[in-house]
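Tertiary structure, described
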Amino acid sequence: MVHFLEVPFMNYDIVIIGASFSGLTLAHHLPSHLKILIIDRKKTLDYFIESTGLITQATHDLFANFIEVDKFIPNRITTISVIAPDFKKTFFSSTQEPWIYSTDTPNLIKEMEMKLPKNVELRIQNNFQGYSLNEKENYPLKIQFTSTKNNASQKNNFVRAKFLVGADGSRSTVAKSNPKLSKNKHFLAGWEKVFYGDILLGKEPKNTVYHFWFGEFSLGYGGWLSPTLIEKKPAFRIGLAKLAKDARDLKKINNFIKILLDKNMIQINEKKEILSFASMVPIGGPLKNIYDKHTLLIGDAAGFCGPFAADGIKGSLVSGIVASKLLTQLLEGNKKALYNFHKEIEKYNKLMTYYRKQLLYRFIWNRMKSNRTFHAMFDAIAREKDHFLDQFCDSKDKNKSLMQVVLKWRNIPLLIRYGLFLCWDILNRSTFDSKNVRD
Ligand SMILES: Cc1cc2nc3c(=O)[nH]c(=O)nc-3n(C[C@H](O)[C@H](O)[C@H](O)COP(=O)(O)OP(=O)(O)OC[C@H]3O[C@@H](n4cnc5c(N)ncnc54)[C@H](O)[C@@H]3O)c2cc1C
């Protein structure tokens, strides 16, 4: 019996925390007889999508199964340009078919929100706080959240559920609230700014993405430049990422923008940026313990993000789709349904194998410390520029790899040179690390 002062809690089959790529994909794929609640702390879902939004063909096709994704693709990218640390050496590599697509990410997420099925209730401006468990109840989880609306009292709200999903990004609160679940420990810190303007480098800047191998300027990742359209006006996204331990150096993004302006590689049409955001990308690879009896992590929260390329949209979609299938089985009584989670992910063009390869590239890249080593690697890869993208094209979709591109007899002298510089960087690691801290 309910006490006369007690407000009865709403009951849900599944509560999802996080309404971005992974949470929304899961909500779209769960069967209509399940009662679903999805919670996000954002003001509106299209407010600050912390992603450049580049997707491959296979990810495009996953979206196309439930959203009219083509309406949100301003640029079809057929070319990659790699720029060496001195900003002088550059190579371009192209394919016939689009290599990747840039997306109008805020509107894509908005569309995913607008088309949510009727059995899904969305509550925004609500911050998940934690949960308690009572196995004796039909709905054993009591989930707590608070409103983030301006002027809202910080009153706790509760709902009950059979199952809780953490789709709440790289620093998941759901993971933190359950000691049995693994947590991401290794991150890249990324900062991206979006401007109205034009890219002036190369023949087809509207179909090109640019990767800047900065070497000492940005150890851990590098910089990128990607064309887009905002409100039908030409725009571009420019970003810088570094290992999280060097996050305070991210302000160098302003130096980066200034260098590109000075070198006439970009033109900014309106002084102020349209958008600016910084966020953490998990780069430790898929986490081991991503579920227990009543909770599951998906997307970035579960580490489904390329540890080297920092590409997590595909992992978010795939893990959302896999979760929808296995959670349905679980709620129908198959207690072991989630055991095969990683095996099911592997079925998507060997996505788990892709992550393992990416961990190896990350291991090597993290040991490259000097411009000299980055130049040596650039020279080896630039030699293969005609087929670089052909081979590398959609590597996570087609099981191609960077190794296949460069490991050729004719490249042996360049690779030996690169290997020697790499060994030198490893031996001098402490010197470089302390120099980097001083800078
Ligand atoms: C700068 C940058 C550029 C990137 N570019 C690309 C790219 O081009 N291509 C690519 O494939 N990947 C890219 N990524 C990675 C990609 O964006 C992520 O892998 C992807 O967004 C992960 O989706 P997600 O749904 O798992 O989590 P997120 O997109 O991080 O969403 C988590 C959601 O949970 C909500 N949330 C968090 N905590 C709570 C809480 N306590 N209560 C309520 N709500 C909560 C947040 O508001 C958010 O909406 C990039 C990442 C960064 C940082």
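Coordinates for the structure precede this section.
Report follows, based on the coordinates. (Residues numbered from 1 in each chain as written. Predicted model: local features only at pLDDT ≥ 70, side-chain atom pairs only at ≥ 80, totals over all residues. Heavy atoms only, no water.)

On to the environment of Tyr-210, then. With respect to the element layout, Tyr-210 can be found in strand E13 (residues 208-212). For Tyr-210, a relative accessible area of 2% translates into the label buried. Considered as a pair, Tyr-210 and Asn-134 are 76 residues apart in the sequence and their alpha carbons are 52 Å apart. With sequence-adjacent residues up to four places away left out, Tyr-210 is seen in contact with Ser-81, Ile-83, Phe-92, Ile-199, Leu-201, Pro-205, Gly-223, Trp-224 and Leu-225. Within the structure, the side chain of Tyr-210 is placed 2.4 Å from the backbone oxygen of Leu-201, a separation counted as a polar contact. (Helix = DSSP H or I, 4+ residues; strand = E, 2+ residues; numbered from the N terminus. Buried < 20%, exposed > 50% of the residue type's maximum accessible area, 1.4 Å probe, protein only. Contact = heavy atoms within 4.5 Å. Polar contact = N/O pair within 3.5 Å; in protein donor to acceptor, adjacent residues only side chain to side chain.)

Our next topic: the pattern of salt bridges. Counted under the stated rule, the structure contains 21 salt bridges. Here Lys-293 makes a salt bridge to Glu-135, at a shortest N to O gap of 3.4 Å. Here Lys-293 is found in the loop between strand E17 (275-282) and strand E18 (295-297), whereas its partner Glu-135 is found in the loop between strand E9 (126-133) and strand E10 (141-147), with 158 residues between them in sequence. Looking at Lys-293, the relative accessible area reads 56%, which means it is exposed. Notably, a salt bridge pairs Glu-384 with Lys-408, separated by 3.0 Å at the nearest N-O pair. One end of the pair, Glu-384, is in the loop between helix H9 (371-382) and helix H10 (385-392); the other, Lys-408, is in the loop between helix H12 (402-406) and helix H13 (412-427), with 24 residues separating them in the sequence. (Salt bridge = Lys/Arg side-chain N within 4 Å of Asp/Glu carboxyl O.)

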